[in-house]
Amino acid sequence: MKLDLGDSDFSPDDIDTDITLEDLAVEYEPEAPVSPGIVEACEEVFAEDGTLAESARQEGRLYEYRPQQRAMARGVAEALRDGENLCVEAPTGVGKSFAYLVPLIYRAQTARRPAVVSTETITLQEQLIERDLPLLKKILGIEFKAVLAKGRRNYLCRRRFSLLSGAERDALLPTPSLVTELARLEKSLDSGEENGTRDGFDFSIDPTVWSMVCSEIGNCAGNKCPFFRNCFYYRARREWEDADIIVANHALLFTDLAMRQEGGGGLLPDYGALLIDEAHTLESNAAEHLGIHLSRFAVVGELQRLYNPDSARGLLMRSGSAFPELRNLAATARDEAYAFFTPYENWLSRKNESACRLPEDAEFPNSLTPALLKLASGLSEAAEEEEDAAFKTELGAHLERCRSFVDGIDAITRRTLPEAVYYAEFDHSAVTLHASPLNIAELLRPLLFAQDFPVILCSATLAVRKSFDYFISRTGFDGRTLLLDSPFSSDQAVLYIPRDMPDPSGEGFNAALAEEIFHYVEMSQGRAFVLFTNYQSLRYCAAALRTRFELRNWRLLVQGEDMHRGQLIRAFREDVSSVLFGTDSFWTGVDVPGEALSNVIITKLPFAQYGHPLIAAREERIRMAGKSPFAEYSLPEAVLKFRQGVGRLIRNRSDRGMVVVLDRRIIAKSYGRVFLESIPYHLSMEKI
């Protein structure tokens, strides 16, 4: 059944009441076999004189034949043809996106079910949708439909927005400052130029406002909604259903997998092939989305959206006979939320820890659950009596959210998640309680790798010592593997390792670090990424070097100061003599080709944060199995992250530069050779 999900005006009376949400799901037949000719077709595209080469010649573009790219395309095509899982390490410069997109495009010619491509970063999603797929459609001359899929909360809900547009709007918002924000959003929507997604607006939207107007699974009236045919989210869903290739992110993918695990339908259509790019984050994404997380920020924020007693604002300020009592219940629940999380915060403070494992015999007071249950009961009664269908749906959604908080508290306090580590952690100045599964491989093996469709994993860094054993042990991957070598040559980069650096645990390390950073940045005249493993060292070196850099006209960009990650990267690209100091998030997923990045400085080998509850629990599990946590976990994890950091430097065959490692353990310790042998391209060691 086809639905018109366009933007035409209509009245609620125009809705076809026979339409159900099931009509939005396409009934797929069993997947058609992939043509055996897909392998030969892909081989021809990537041949030295093949389709890509011919297209480049005709258009006057530079084309570089890469045997590694051809080998990867062949491997992906064979996996799709045979319905087998595949894990590929494709170093930077191989051109992996083309190598997997071409087989997926050929697959689309016979497939009855779409293929999903999942990535970690927005940057790669945009590259695939805006550049790679349109270019391949032109080069190959094959018609196919590719769409970008975003999580539901990325779409604005017209019904929820309309609730905040009436005469009572000011009182319904938690704080007065949000009134202007909402008016700005309303003006933009009235212009008709927006696609309804959060990043489709040309201005940033306050998180609190967005949480009150975004689409949510428990807050959807479906075909009973007066805005159904104009719904941004279901218009997007219709496009997903009709697509051949769906580009998503890991968060959406794992939310989809978790929903399927619970026996319900997923967020994504019924796909027939799955390709996970940037798969080095597979374990961490699974741990996050298959676990339980309960934050003070989320609970208090939800209750204050209902009613904020400090400002006498919130949704429950809407006129109604039951609302005065409901406001009292919401205010009480908010006070109990602070009372519930405060002992955890005090406990962490006494331990002087930012994160700590919860003792099994610990008993923290819980008066929040009874308060939430009373509020839920009141919301349920109010929803039953509510005559306004739109507001009835809104009350029902908040009711379900209160119940989910109760379930989360119960799961964490009673430890109902098997084989998990339970811990408390300060997160953005508020505490969050976590239950993170430790048996990720056991969870993913049936959930992901034993389905009726092939799963293909790829990344620039999956192997340790040219072996996938570690990655397989952590993720449960079951299938073929393909390890490609780097297309870069040893004359493109030089490796520097000063011998006289003090041990990283010594008192004089930071002072020596600052001096060496200045020395090597001077060699490259700026144009450097300096990668740290902690903020303490980063802040020390930034303070010590800021004035000296200014005297050399090197702009110092520091993570955690004035700009967010995307702004820092843009500023770094635009100012070729700048220097960027970054921690964890800058080790991966940053692509700065050309002279703007000519020097990557590794300040310390990136071993995981010692003592973090999740890391400690993983190591303890390995120890209980009679193995070495250092050899089986700490070292491989550090090596993979090291490879990611070093990989920031050389992005194509015209790049030149230097890698500096300021941690002498790489030459002083026996395990240092594992790091040196893991560098993703050959380096000329000029100074050791």
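Definitions and limits used
Residues numbered from 1 in each chain as written. Predicted model: local features only at pLDDT ≥ 70, side-chain atom pairs only at ≥ 80, totals over all residues. Heavy atoms only, no water. Helix = DSSP H or I, 4+ residues; strand = E, 2+ residues; numbered from the N terminus. Contact = heavy atoms within 4.5 Å. Pairing = 2+ DSSP bridges. Axes fitted to C-alpha atoms, helices over the stretch in contact; angles between N-to-C directions. Buried < 20%, exposed > 50% of the residue type's maximum accessible area, 1.4 Å probe, protein only. Parallel < 35°, antiparallel > 145°, perpendicular 65-115°, else oblique. Left-handed = near helix turned anticlockwise from the far one by under 90°. Phe/Tyr/Trp six-rings, centres within 6.5 Å; stacked < 30°, edge-to-face > 60°. Lys NZ or Arg CZ within 6 Å of the ring centre and 35° of its normal. Arc of directions from axis to C-beta. Salt bridge = Lys/Arg side-chain N within 4 Å of Asp/Glu carboxyl O. Nonpolar A, V, L, I, M, F, W, Y, C, P; charged D, E, K, R; others polar. Expected span 1.5 Å × (residues − 1). Disulfide = S-S within 2.5 Å.

## A look at the environment of Glu-302
Point 1. By secondary structure assignment, the location of Glu-302 is in helix 13 (residues 296–306).
Point 2. Measuring from C-alpha to C-alpha, the distance between Glu-302 and Ser-211 comes to 9.1 Å, with 91 residues separating the pair along the chain.
Point 3. With sequence-adjacent residues up to four places away left out, Glu-302 is seen in contact with His-398, Arg-401 and Phe-405.

## Re the sheet that holds strand 8 (residues 420–427)
Point 1. What the four strands build is an open sheet, ordered 6-9-8-7; its pairing is antiparallel. The strands lining the two open edges of the sheet, one partner per strand, are strand 6 (292–295) and strand 7 (355–357). Each strand of the sheet is rotated relative to its neighbour by a mean of 20°, with strand direction disregarded.
Point 2. Of the strand pairs in this sheet, strand 6 and strand 9 (residues 430–437) are connected by four bridges, and their pairing is antiparallel.

## Details of the sheet that holds strand 10 (residues 455–459)
Point 1. Strand order in the open sheet formed by seven strands is 3-4-2-5-10-1-11, and the pairing between neighbours is parallel. Two strands bound the open sheet, and with one partner strand each, they are strand 3 (146–148) and strand 11 (480–483). The average angle at which neighbouring strand axes cross in this sheet is 15°, direction not considered.
Point 2. Where strand 1 (residues 86–89) and strand 10 come together, four bridges link them in parallel fashion. Bridge assignment links Glu-89 to a residue of strand 10, and that residue is Ser-459.

## Some points on the pairing of strand 16 (residues 599–602)
Point 1. Across the two faces of strand 16 the burial is the same, with Asn-599 and Ile-601 and Val-600 and Ile-602 all buried.
Point 2. Pairing between strand 13 (residues 528–531) and strand 16: four bridges, direction parallel. Across the sheet, residue Leu-531 finds its bridge partner in strand 16, namely Ile-602.
Point 3. Pairing geometry for strand 16 and strand 17 (residues 657–661), over four bridges, is parallel. Looking at the pairing, Val-600 lines up with Val-659 of strand 17.

## Remarks on the packing of helix 4 (residues 96–107) against helix 5 (residues 122–140)
Point 1. Running from amino to carboxyl end, helix 4 crosses helix 5 at an angle of 55°, the nearest separation of the two axes being 10 Å. The angle between helix 4 and helix 5 places the two elements in the oblique class. Read as a crossing pair, helix 4 and helix 5 show a hand that is right-handed. When helix 4 is examined against helix 5, the residues Lys-96, Ser-97, Phe-98, Tyr-100, Leu-101, Val-102, Ile-105 and Tyr-106 are found in contact with a partner set consisting of Leu-124, Gln-127, Leu-128, Asp-132, Leu-133, Leu-135, Leu-136 and Leu-140.

## Digging into the environment of Pro-103
Point 1. Take Pro-103: it is sitting in helix 4.
Point 2. Taking the C-alpha atoms as reference points, Pro-103 and Ile-38, 65 residues apart in sequence, are found 6.9 Å from one another.
Point 3. Ignoring anything within four residues of it in the chain, the contact list for Pro-103 reads Ile-38, Cys-42, Ala-73, Val-76, Ala-77, Leu-80 and Phe-98.

## Description of unusual backbone geometry
Point 1. The backbone of Ala-312 shows a phi angle near 55°, a positive value even though the residue is not glycine.
Point 2. Along the polypeptide, Ala-312 turns up in the loop between helix 13 and helix 14 (323–351).
Point 3. Note on Ala-312: relative accessible area 35%, which makes it partly exposed.
Point 4. A positive phi angle, close to 55°, is found at Gln-525, a residue other than glycine.
Point 5. Summarising the element assignment, Gln-525 is placed in the loop between helix 19 (509–524) and strand 13.
Point 6. Judged by relative accessible area, Gln-525 falls into the partly exposed class, the value being 44%.

## Notes on the packing of aromatic side chains
Point 1. Considering all chains together, one arrives at 27 aromatic pairs under this definition.
Point 2. Measuring from ring centre to ring centre gives 6.3 Å for Phe-518 and Phe-549, while their planes differ by 25°; the resulting arrangement is stacked. Placement of the pair is Phe-518 in helix 19 and Phe-549 in helix 20 (residues 535–551), with a sequence separation of 31 residues.
Point 3. Owing to a relative accessible area of 7%, Phe-518 belongs among the buried residues under this scheme.
Point 4. When the ring of Phe-549 is compared with that of Trp-554, the centres are 5.4 Å apart and the planes differ by 70°; the resulting orientation is edge-to-face. Both residues of the pair, Phe-549 and Trp-554, belong to the buried class.
Point 5. Among the aromatic residues, ring-to-ring pairing joins Tyr-155, Phe-228, Tyr-233, Tyr-234 and Trp-240 into one connected group.
Point 6. The ring of Phe-144 is capped by Lys-137, whose NZ or CZ atom sits 5.0 Å from the centre of that ring.
Point 7. Note that Arg-548 overlies the ring of Phe-518, its terminal NZ or CZ placed 4.0 Å from the centroid.

## A short note on the pairing of strand 15 (residues 579–582)
Point 1. Here strand 15 shows a buried face lined by Val-579 and Phe-581 and a second buried face lined by Leu-580 and Gly-582.
Point 2. In terms of strand pairing, strand 13 meets strand 15 through four bridges, oriented parallel. What sits directly across from Leu-531, in strand 15, is Gly-582.

## Concerning helix 1 (residues 38–45)
Point 1. Listed as buried for helix 1 are Ile-38, Val-39, Cys-42, Glu-43 and Val-45. Take helix 1 and look down its axis: the buried residues cluster within an arc of 160°, on one side only.
Point 2. Contacts from the buried residues of helix 1 go to helix 2 (51–59), helix 3 (67–82), helix 4 and helix 5.

## Describing the pattern of salt bridges
Point 1. Tallying each qualifying case throughout the model produces 38 salt bridges.
Point 2. Linking Arg-401 and Glu-216 is a salt bridge whose minimum nitrogen-to-oxygen distance equals 2.4 Å. Here the residue Arg-401 occupies a position in helix 16 (residues 389–414), and Glu-216 occupies one in the loop between helix 9 (207–213) and helix 10 (232–242), the gap between them amounting to 185 residues. When sorted by exposure, Arg-401 lands in the same class as Glu-216, which is buried.
Point 3. Taken together, the shared-partner salt bridges connect Arg-153, Arg-159, Arg-160, Glu-216, Glu-302, Arg-305, Glu-394 and Arg-401 into one network.

## Details of the packing of helix 1 against helix 4
Point 1. Two elements in contact, helix 1 and helix 4, have axes separated by 10 Å at closest approach and are oriented at 135°. On the basis of their axis angle, the class for helix 1 and helix 4 is oblique. For helix 1 against helix 4, the interelement crossing comes out right-handed. For the pair helix 1 and helix 4, contact is made by Ile-38, Ala-41, Cys-42 and Val-45 and by Val-102, Pro-103, Tyr-106 and Arg-107, respectively.
Point 2. Split by residue class, the contact of helix 1 with helix 4 holds seven nonpolar, no polar and one charged.

## Describing helix 3
Residues three or four positions apart in an α-helix share a direction because the helix packs 3.6 residues into each turn.
Point 1. Spanning 16 residues, helix 3 covers 22 Å between terminal C-alpha atoms, matching the ideal 22 Å at 1.5 Å per step.
Point 2. The elements touched by buried residues of helix 3 are helix 1, strand 1, helix 4, strand 5 (273–276), strand 10 and strand 11.

## Considering the state of the cysteines
Point 1. Following the criterion strictly, the structure yields zero disulfides and no others.
Point 2. Cys-458 provides the cysteine sulfur closest to Cys-87, a residue in no disulfide bond, and the two sulfurs are 8.7 Å apart.
Point 3. Looking at Cys-87, the relative accessible area reads 0%, which means it is buried.
Point 4. Not engaged in a disulfide, the cysteine Cys-214 finds its nearest cysteine sulfur in Cys-157; these two sulfurs lie 8.4 Å apart.
Point 5. Judged by relative accessible area, which is 0%, Cys-214 ranks as buried.

Shape is all these values report; function is a separate question.
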